[in-house]
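Spelled out, the chains give:
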Amino acid sequence: MTQRAKIDTDGPEPHGRGSHGPTIDAGAELDPVHPIKLPRPSGRHTGLTAAEVARHVARGEVNDVPVRSSRSTAEIIRANVFTRFNAVIGVLWVIMAFVAPIQDTLFGYVILANTGIGVIQELRSKRKLDGLAVIGEARPTVRRDGVATAISTSQIVLGDLIELGPGDKVVVDGEVIEGESLEVDESLLTGEADPVLKRPGDSVMSGSFVVVGTGAFRATKVGRDAYAAQLAEEASRFTLVNSELRNGVSTILKYVTWMMIPAALGLILSQLFVKQTDVKDTIARTVGGTVPMIPEGLVLLTSVAFAIGVLRLARKQCLVQELPAIEGLARVDVVCLDKTGTLTEGGMDIRELRPLGGADEAYVRKVLGAIGATDPRPNASLQAIIDAYGEERGEWPVTAALPFSSARKYSGAAFAEAESGSWAGVSGTRHLSGWLLGAPDVLLPPGDPTLAGVDRLNEQGLRVLLLARAAGAPDKLDAPDAAAGAEATALVVLEQRLRPDAADTLAYFAQQDVDAKVISGDNAVSVGAVAGKLGLPGAERTVDARHLPAVREEMAEAVESATVFGRVTPRQKRDMVGALQSRGHTVAMTGDGVNDVLALKDADIGVSMGSGSEATRAVAQIVLLNNSFSTLPSVVAEGRRVIGNITRVATLFLAKTVYSVLLAVLVACFQVEYPFLPRHLTLLSTLTIGVPAFFLALAPNKERARPNFVRRVMRYSIPSGVIAGLATFVTYMVARHYYTGPGSLNAETSAATLTLFLVAMWVLAIVARPYTWWRIGLVAAMGAAFLVVLGVPALQHFFALKLVGTTMPWAAVGIAVAASGALELCWRWVERRFPA
């Protein structure tokens, strides 16, 4: 409402105001929101009416771009069913169905079961994640019929008036209609980090976000017409790619494929044309040699392990927006923490108000309350001031308002204050006064005596704001030198609420050799005191980021050596993350404010609180919907479980591939029958790999994730497969010379199977270390199951396994024992010679 100030000299002058600021002449028109020199807006825009919304919906002009947190059902089924190895096995399965008994087609049913398990687990994860995505979805505020309402992004229609505030994400393309110091960060679209001032008439693009100020824009492009929205949709999709683990598995499978082709061809030729055996038996043994070369369960088990990990985290209200984020956080060795909202809770409390220079406390309260009333989206500090002094605010027309910016570290406001004790609505002379509220060490020059008291308060972990009267023109608060010559008026001492779970979480990271670094825009001493209360190692090593070197190498040195950093600008946060990455660190960044977005985006893993701004949730890979910092250890643990366990089971799968390829090559070279039928290797794979791998892949594993997945797997699987293949072939060749007459091939196969089973079991026993009661039980159960097959006549007949005599079986055991000893020596040598 516009008010007119008239001359009235009655009443005393409130102490602390003096004659600062120009006096406003009688009859001057004052705008309570905008600076005097700015034109008054024609009126508040009311947005679309309900009838207009209905017409847009009927025409299909709705923002119907689906934002998914997971793959669709069809994509999940397609990814799990239509793989190259499933295609190969499917063809072989069909062939075997015509030429062999059912026990030689069991490998096909195993693949069906594995694929079904993979699909079911991913679908379960999808349902849970989609539910969490709805909870964490941005709900923009849309003004319709003059009423502001939060709605889903999919309900926005063309022409809607969408309100904006600090941290809000621009969800569709549009044109600014209203703007108050509205600065938009378009770095996610353009790569340019500097915020862009937006005035009425300027365009805004979906994917950008508000840094400072408030406003509203009209949607001009919705749905798939908004190209930037399509980019945002693609960027936010749940993905199964771009992780070292999955890329490593793909690399291994590529090499396996190239190994399989010549080995399989050699096996086929040797069986068909060299031995001239029965066609059906030849086909069965050829398929029996080809199928085990395929590590078919490895990809499926990796997907299952990831899916179950996501499901476990979802139960803890942790939304994983990109699947590799679980793996990534497990590899992290440095975690950068924003203090506010991460180590401390969002809310604050006023602990003390200290007027300076003889200022009247009642007057200071009115000024603070008035400043609080100028910001429609107050941060935690300003909200504490509003809660304490909002009802005592001076009812003065606002002539200028400067929202808080993490780059400049202060906010401000200018008022037309009434002289001579007369307030708004009462006749009296008015004068302009400009006020700044922010960091004392930014608003005051170095060496100012006020800063000594501030330092003592910061050392107690308290947050201190300075209320200062601007020395320059009150309506030029956004000038670069607005803080120059500011007159200290009062200190506002705030007490931050520590998160009760923060200390335990920091202790967990310390135990796991993950360096925690606190990066905050607050005073470094204050941040260090808070970190010290939480027991963060090295909290006493505080650095004022204003003194950090700009050169990346020098910055990296400084960031590595210290633990707590204060007065960090948003751009510096990003630079510090990049500096750590340049030293080979895997960096995670946590945050909830708009000032954290750039660092979250560039970090290897970005973690946002569910209560954080829309912008932080949009760029983060992990969103803690319960706002609990203590969930992070669970994410790390899940990642370590997945990576460590997949590394274990990959060794089992690939050792089988190696010994299968080696046996095929040896059979072709020595021109002998392939010793195994598909049923034999199905039994061996199930007992020594399939069932154990499923349990091992889902077991707890706290081992720190290490890089070079392919190297770490192959350095064990190759020698293991070679030793197992050689031992098996030696047993087979010895048995060929020992057994003669009809049925000798079955006896030779049984002896070779016994050796291969025992060696494969020893590989399993090594992989299962360190032993726990259930791991010992798992290995023992697999051994007992094989003994049951050998001891039950019906199972002997079904699997064509029967040990003949005692000499050869014991020889097979002796060869297996020798091979197991070689395995132990080889693994220890590899550990020393090729450390991961």
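These numbers come from a predicted model, not from an experiment.

Considerations on the packing of aromatic side chains
- Following the criterion strictly, the structure yields 12 aromatic pairs and no others.
- Arranged with centres 6.1 Å apart and planes meeting at 65°, the rings of Tyr 363 and Trp 435 form a pair that is edge-to-face. Here the residue Tyr 363 occupies a position in helix H11 (residues 361-373), and Trp 435 occupies one in strand S16 (residues 430-438), the gap between them amounting to 72 residues.
- Given the relative accessible area of 1%, Trp 435 is considered buried.
- Relative to Phe 786, the ring of Phe 757 has its centre 3.9 Å away and its plane inclined at 15°; by these criteria the two rings are stacked.

So, the pairing of strand S4 (residues 141-144)
- For S4 and strand S6 (residues 161-164), the ladder comprises three bridges, and the chain directions are antiparallel. Across the sheet, Val 142 pairs through a bridge with Ile 162, a residue of S6.
- As judged from the four bridges shared by S4 and strand S5 (residues 147-150), these two strands associate in the antiparallel manner. Bridge assignment links Thr 141 to a residue of S5, and that residue is Ala 150.
- Counting the residues between successive antiparallel strands, the hairpin from S4 to S5 contains two residues, one of them, Asp 145, with a positive phi of roughly 55°.

Quick look at the environment of Leu 300
- Counting through the fold element by element, Leu 300 comes out in helix H9 (residues 296-314).
- The class of Leu 300 is buried, set by a relative accessible area of 8%.
- Put simply, Leu 300 and Gly 116 are 184 residues apart on the chain and 9.6 Å apart in space, counted from C-alpha to C-alpha.

Quick look at the pattern of salt bridges
- Scanning the entire structure with this criterion turns up 26 salt bridges.
- A salt bridge links Asp 522 to Arg 463; the nearest nitrogen and oxygen atoms lie 2.9 Å apart. With Asp 522 in the loop between strand S19 (515-519) and helix H16 (524-533) and Arg 463 in strand S17 (residues 463-469), the pair connects residues that are 59 residues apart, well separated along the chain.
- Look at Asp 522 and you get buried, because its relative accessible area is 7%.
- A salt bridge links Glu 638 to Arg 641, with the shortest nitrogen-to-oxygen separation between them at 2.9 Å. Taken together, the residues Glu 638 and Arg 641, both in helix H21 (residues 632-670) and three residues apart, mark about one turn of the helix.
- One network of salt bridges, with partners in common, ties together Asp 441, Asp 544, Arg 546 and Arg 567.

Let's talk about the layout of surface pockets
- By volume, the second largest pocket is sized at about 1,100 Å³.
- Class assignment of the residues belonging to the lining of the second largest pocket gives a composition of 15 nonpolar, 19 polar and 11 charged.

With respect to the confidence of the model for the protein
- The pLDDT averaged across the protein works out to 80; a share of 86% of its residues lies at or above 70.
- Within the protein, no element has a lower average pLDDT than strand S1 (residues 3-4), which sits at 34, and none a higher one than helix H25 (residues 773-791), at 94.
- Contacts of residues 232-241 to residues separated by more than four positions or lying in other chains number 28 contacts, the stretch itself having pLDDT below 50.
- Every residue in residues 420-427 scores below 50 in pLDDT, and together they form 23 contacts with partners more than four places removed in sequence or on other chains.

Observations regarding the pairing of S19
- By the criterion of burial, S19 is predominantly enclosed, with four of the five residues buried.
- Taken together, the four bridges between strand S12 (residues 334-337) and S19 define a ladder with parallel strand orientation. Following the sheet pairing, Val 335 is matched in S19 by Ala 516.
- With two bridges joining them, S19 and strand S21 (residues 564-566) adopt parallel strand pairing. Across the sheet, residue Val 518 finds its bridge partner in S21, namely Val 564.

Reading the values: rules and limits
- Each chain has its residues counted from 1, following the order in which its sequence is written.
- Per-residue local features of the predicted model are confined to residues with pLDDT of at least 70, and side-chain atom pairs are confined, for both listing and counting, to 80 or more; whole-chain, interface and lining totals are unaffected and use all residues.
- The side-chain numbers reported here are obtained from all heavy atoms of the structure, hydrogens and water having been left aside.
- In summary, the pairing rule links any two rings of Phe, Tyr or Trp, Trp by its six-membered ring, whose centres are within 6.5 Å, and it sorts them by plane angle into stacked for under 30 degrees, edge-to-face for over 60 and tilted for everything else.
- Going along the chain from the N terminus, every DSSP run of H or I of four or more residues is numbered as a helix, and every run of E of two or more is numbered as a strand.
- For every residue, the accessible area obtained with a 1.4 Å probe (protein chains only) is divided by the maximum for its type, and the residue is called buried under 20%, exposed over 50%, and partly exposed between those limits.
- Whether two strands pair comes down to DSSP finding at least two bridges between them.
- Within this document, salt bridges are pairs made up of a side-chain nitrogen of Lys or Arg and a carboxyl oxygen of Asp or Glu, the two lying within 4 Å of each other.
- Any residue with an atom within 4 Å of a point lines the site, the site being either a cavity, points on a 1 Å grid over the protein atoms alone where a 1.4 Å probe fits but cannot get out, or a pocket, an open set with protein on both sides within 12 Å along at least 5 of 7 lines.
- Grid points are joined across faces, edges and corners, and a volume is the space filled by probe spheres set on the points.
- Only Asp, Glu, Lys and Arg are considered charged, only Ala, Val, Leu, Ile, Met, Phe, Trp, Tyr, Cys and Pro nonpolar, and every remaining residue, Gly among them, polar.
- On a range of 0 to 100, pLDDT expresses the predictor's confidence in each residue.
- Only heavy atoms matter for contacts: two residues are in contact if any of them lie within 4.5 Å across the pair.

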